[in-house]
Protein chains: 2
Amino acid sequence: MAVYTQVTAEEINAFIAQYDVGEVVSFKGIAEGSENSNYFLQTTEASFILTLFEARVNEADLPFFMGLMDHLNHKDIVCATPVRDRAGNNLKTLCGRPAALITFLNGMAINKPQPEHCRQLGGELARMHLAAADFNMSRANDLSVDGWEKLVADCADGADRCAPGLREILTGEQAFLKDNWPTDLPAGIIHADLFPDNVFFLEGKLSGLIDYYFACNDFLAYDLAVCMNSWCFEADGSFNVTKSTQLLKGYNDVRPLEARELDALPLLCRGAALRFLLTRLYDWLNRVEGALVQVKDPTEYLTKLTFHQGVRNASAYGLDIK
Amino acid sequence: MAVYTQVTAEEINAFIAQYDVGEVVSFKGIAEGSENSNYFLQTTEASFILTLFEARVNEADLPFFMGLMDHLNHKDIVCATPVRDRAGNNLKTLCGRPAALITFLNGMAINKPQPEHCRQLGGELARMHLAAADFNMSRANDLSVDGWEKLVADCADGADRCAPGLREILTGEQAFLKDNWPTDLPAGIIHADLFPDNVFFLEGKLSGLIDYYFACNDFLAYDLAVCMNSWCFEADGSFNVTKSTQLLKGYNDVRPLEARELDALPLLCRGAALRFLLTRLYDWLNRVEGALVQVKDPTEYLTKLTFHQGVRNASAYGLDIK
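This one's a predicted model, so the numbers in the text were calculated from it and none came from an experiment. (Residues numbered from 1 in each chain as written. Chains lettered and ligands numbered in written order. Predicted model: local features only at pLDDT ≥ 70, side-chain atom pairs only at ≥ 80, totals over all residues. Heavy atoms only, no water.)

A. Examining the overall build of chain A more closely. When helices and strands are counted, chain A shows 9 helices and 10 strands. At 20 Å, chain A has a C-alpha radius of gyration in line with the 20 Å of a compact globule built from 322 residues. Overall, the C-alpha framework of chain A stretches about 60 × 45 × 35 Å when taken along its three principal axes. Looking at chain A residue by residue over its 322 residues, the buried ones come to 58%. Counting contacts in chain A only where the partners sit at least 6 residues apart, residues at least 24 apart contribute 74% of the total. Looking at chain A as shown, the accessible area adds up to about 13600 Å², and 48% of this sits on carbon and sulfur atoms. In chain A, the 28 positive side-chain charges and the 43 negative ones have mean positions that sit 3 Å from each other. (Helix = DSSP H or I, 4+ residues; strand = E, 2+ residues; numbered from the N terminus. Rg over C-alpha atoms; globule rule 2.2 N^0.38 Å. Buried < 20%, exposed > 50% of the residue type's maximum accessible area, 1.4 Å probe, protein only. Contact = heavy atoms within 4.5 Å. Areas by Shrake-Rupley, 256 points an atom, 1.4 Å probe, with all protein chains shown as cover. Lys, Arg positive; Asp, Glu negative; His and termini not counted. Charge placed at Lys NZ, Arg CZ, Asp CG, Glu CD.)

Following this line, the structure appears as structure tokens:
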């Protein structure tokens, strides 16, 4: 929620002069994105987002993200896309930071998604998975099952300060998932962070997905599990099976789910809940009082984890394809 | 540099439906304005800034600010202007805050103004003063000579923590200005905060003035003094007489300065320097570690005050009309 790197009018004019996008008419820092600095930029020809990648992003990953957005855009998946300068570069340097000029996507994130939004999300997610199938780069998911052991170790000492008994829950869940994690599911490129703030709607219709900066290779159904957790729970922690049914149906209509994917869904949902529980807990334990970025509540994801631990089979999520 | 009040897509859609400005296509919080929450809003028809006035703004002053922008706009002074809803209101409530939809002004603030920018600024400031002459509301300047005594008292105890000897300097300067402040100069509506970040340029031409939320009634030449301090000093604290000459010439070409105004300029510049020294010092002494808003350096204005204390007459500023 901040602009970390200040770019002056002089600097942005010189930067934009390297592109074929007209002259700058407006340039304002926007209060979005917790990891990077983002500016809204209008030229005589179009609107853009200028992103400066800050320290938390691994520079070596940037060509993967740029390439993926470019690839998806060519496959008619509506997403923000990096623009190339006259020399053909879509990743440059500005004020000492890696920087990308990204096309502007109309639409707004929805605060309280309804079942119809979930259905549209499912469909677009499946289309994105299919479109990414022939993308020729890859990136490991360092926040999946192999990464949780270290996160649990890093958070163990402080966990009970966040919620009594949390240390034991985390240790037990991580061990359980390590032993039971699926090994043989359809895999490919996933978004991995498709929360409601990364999905735009315009007049009730999904208008695009943003923020591909956690995208990686993993089980396709794991992306669904991330969405189940972030779209299908109510503010009071209750699970809304109507929303999850629509999410799964929307997906299944475009890319039919295999029985083994559905069967794995309770486990994948537990894993996705643990992943966000752990990273939120890590941020919570390492928070700086009064810092620019607000720390999100880890216990929201403890509630979700507990729900999925009680699920016996995937029909609890509302889709039964057998 | 922050959005203090979060507005959801649902809330902004309902709010904008009360105006005749089309449908919302984009809505993003912007990292500008240290006192209020500002959003960039695009509709199917145009671009706007949505401002939510936060606690530090006195609600009773808002009709004055809205009326002034409206008045200036009708007089062809390019400035952001509040839009009226279908019922004719240009000041409404959103998320429990006073809120105004403001027209979007193209252009960018300039980080390092050159003499030519100062000349244009002077001309536009004079045009604004003339255009505001028949505005029928008024607002006292509570940050002028009568307000400094209390600010000095509030800051006295901590002043020397900021700069050794500062308490004595403030007390002495405030007493001197109180005894010598002019009483008989051309007066009217002034902007009172025309720093470079409140002036937009587009392809080298001044494209508009923003942020009228300190506007008030005072000596017109005091507005020039505020600009002299914020536009005509270099980063190293030195005074650039070429810039001040252009500022004064640009102004004088549109609204000829009277001899008594020029004569008073050294005093007015001292007052304007004391005003920003005091408010910055107050914020510095009352800062919260790690807070969203960065505190500006008070001593920058001590350097400027010291310069003006050494000025014997207004010809030091580069304009001699006698």
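From this point on, the discussion continues.
B. Region of interest: the relation of the copies chain A and chain B. Of the transformation superimposing chain A on chain B, the axial component is 0.0 Å and the angular component is 180°, with the fit at an RMSD of 0.0 Å. Taken together, the turn and the small shift mark the pair as related by a two-fold rotation axis. Looking at the rotation axis and the C-alpha trace of chain A, the residue lying nearest is A:Ile30, at 2.0 Å. Interface overlap between copies: 100% of the residues of chain A at the interface are likewise at the interface in chain B, consistent with a symmetric, same-surface contact. (Least-squares fit on C-alpha atoms with pLDDT ≥ 70 in both.)

C. Structural context of the sheet that holds strand β6 (residues 108-109) of chain B. Residues and elements named next belong to chain B. The 3 strands are arranged β6-β8-β9 in an open sheet whose pairing can be described as antiparallel. Only two strands of the sheet have a single partner each, and these edge strands are β6 and β9 (205-209). Where strand β8 (residues 199-202) and β9 come together, 4 bridges link them in antiparallel fashion. Looking across to β9, one finds that valine 199 is bridged to leucine 209. (Pairing = 2+ DSSP bridges.)

D. Geometry of the pattern of salt bridges. Using the criterion set out here, one finds 36 salt bridges over all chains in the structure. Across the salt bridge formed by A:Asp184 and A:Arg260, the nearest N and O atoms sit 3.2 Å from each other. You can see A:Asp184 sitting in the loop between α5 (166-180) and β7 (187-190) and its partner A:Arg260 sitting in helix α8 (residues 259-285), a full 76 residues away along the chain. In this structure A:Asp184 comes out as exposed when scored by relative accessible area, which is 53%. A salt bridge links B:Lys243 to B:Glu234; the shortest N-O distance between them is 2.9 Å. Via salt bridges that share partners, A:Asp184, A:Glu258 and A:Arg260 belong to a single interconnected network. (Salt bridge = Lys/Arg side-chain N within 4 Å of Asp/Glu carboxyl O.)

E. Region of the structure containing the environment of A:Leu206. All names here are of chain A. Counting through the fold element by element, leucine 206 comes out in strand β9 (residues 205-209). Overall, the relative accessible area of 18% leaves leucine 206 in the buried class. With 86 residues separating them in the primary sequence, leucine 206 and glutamine 120 have C-alpha atoms 6.5 Å apart. Filtering out sequence-adjacent residues up to four positions away, leucine 206 remains in contact with Gln120, Leu121, Glu124, Val199, Phe200 and Phe201.

F. Broad picture of the domain arrangement of chain A. All names here are of chain A. Split into domains, chain A comes out as domain 1 (9-104) and domain 2 (109-317). Each of domain 1 and domain 2 was reduced to a C-alpha centroid, and the two centroids are 27 Å apart. Taken together, the contacts link 20 residues of domain 1 with 22 residues of domain 2. Both faces considered, domain 1 and domain 2 share a buried interface measuring about 1800 Å² in area, 71% of it formed by carbon and sulfur atoms. Of all residues in domain 1, Phe64, Phe65 and Ile77 give up the largest surface area on contact with domain 2, accounting jointly for 32% of the area buried on that side. At the boundary of domain 1 with domain 2, the tally comes to 2 salt bridges. Ionic pairing is found between aspartate 134 and lysine 75, a salt bridge with its closest N-O pair at 2.7 Å. Connecting domain 1 to domain 2 are 5 residue pairs in polar contact (both at pLDDT 80 or more). (Domains from an automatic or database assignment. Buried area = accessible area lost by both parts, 1.4 Å probe. Polar contact = N/O pair within 3.5 Å; in protein donor to acceptor, adjacent residues only side chain to side chain.)

G. Here's a closer look at the packing of aromatic side chains. Within this structure, the stated rule accounts for 35 aromatic pairs over all chains. With 5.6 Å between their ring centres and 80° between their planes, A:Phe65 and A:Tyr213 make a pair best called edge-to-face. Here A:Tyr213 lies in the loop between β9 and β10 (216-219) and A:Phe65 lies in helix α2 (residues 62-74), a separation of 148 residues in the sequence. Each member of the pair A:Phe65 and A:Tyr213 is classed as buried. In this structure, B:Arg275 packs its charged tip against the face of B:Phe214, placed 5.5 Å from the ring centre. Positioned over the ring face of B:Phe276 is B:Arg275, at 3.8 Å from the centre of the ring. (Phe/Tyr/Trp six-rings, centres within 6.5 Å; stacked < 30°, edge-to-face > 60°. Lys NZ or Arg CZ within 6 Å of the ring centre and 35° of its normal.)

H. Representation of the packing of helix α3 (residues 115-131) of chain B against helix α7 (residues 241-254) of chain B within the structure. All names here are of chain B. The N-to-C vectors of α3 and α7 enclose an angle of 30°; their axes lie 7 Å apart at closest approach. The handedness of the crossing between α3 and α7 is right-handed. Of the residues in α7, those touching α3 at Pro115, Cys118, Arg119, Leu121, Gly122, Gly123, Leu125, Ala126, Arg127, His129 and Leu130 are Thr242, Lys243, Gln246, Leu247, Gly250, Tyr251 and Val254. Residues of the contact of α3 with α7, tallied by class, amount to 9 nonpolar, 6 polar and 3 charged. (Axes fitted to C-alpha atoms, helices over the stretch in contact; angles between N-to-C directions. Left-handed = near helix turned anticlockwise from the far one by under 90°. Nonpolar A, V, L, I, M, F, W, Y, C, P; charged D, E, K, R; others polar.)

I. Inspection of α2(A) at higher detail. Residue and element names in this part refer to chain A. Taking 1.5 Å per residue as the helical rise, α2 with its 13 residues ought to reach 18 Å, and the 18 Å between its terminal C-alpha atoms agrees with that figure. Taking burial as the measure, the 13 residues of α2 include 10 buried ones, the bulk of the element. Among the residues of α2, Leu62, Phe64, Phe65, Met66, Gly67, Leu68, Met69, Asp70, His71 and Leu72 are the ones counted as buried. Check the buried side of α2 and you find it contacts β5 (97-103), α3 (115-131), β7 and β10. Note on α2: the residue one or two positions beyond its end, aspartate 76, has a positive phi of about 65°. (Expected span 1.5 Å × (residues − 1).)

J. Expanded view of the environment of A:Val3. Residues and elements named next belong to chain A. If you trace the backbone, valine 3 turns up in the segment before α1 (9-16). In this structure valine 3 comes out as buried when scored by relative accessible area, which is 9%. In the structure, valine 3 is positioned 33 residues away from asparagine 36 in sequence and 7.5 Å away in space, judged by C-alpha atoms.

K. Quick peek at the interface of chain A and chain B. The interface of chain A with chain B comprises 37 residues on the first partner and 37 residues on the second. Around 2700 Å² of area is buried between chain A and chain B when both sides are counted, 59% of it from carbon and sulfur atoms. Three residues, A:Val25, A:Lys28 and A:Met108, lead the burial of chain A against chain B; their summed loss comes to 23% of the area buried on that side. The tally of links between chain A and chain B comes to 0 salt bridges. Our enumeration of links across chain A and chain B arrives at 6 residue pairs in polar contact (both at pLDDT 80 or more). The set of elements that each furnish at least two residues to the side of chain A that touches chain B consists of α1, β1 (24-30), β2 (37-43), β3 (47-52), β6 (108-109) and β8 (199-202) of chain A. Sort the elements by how many residues they give to the side of chain A that touches chain B and β1(A) lands first, with 7 residues. Among the residues forming the side of chain A that touches chain B, the class breakdown is 19 nonpolar, 11 polar and 7 charged.

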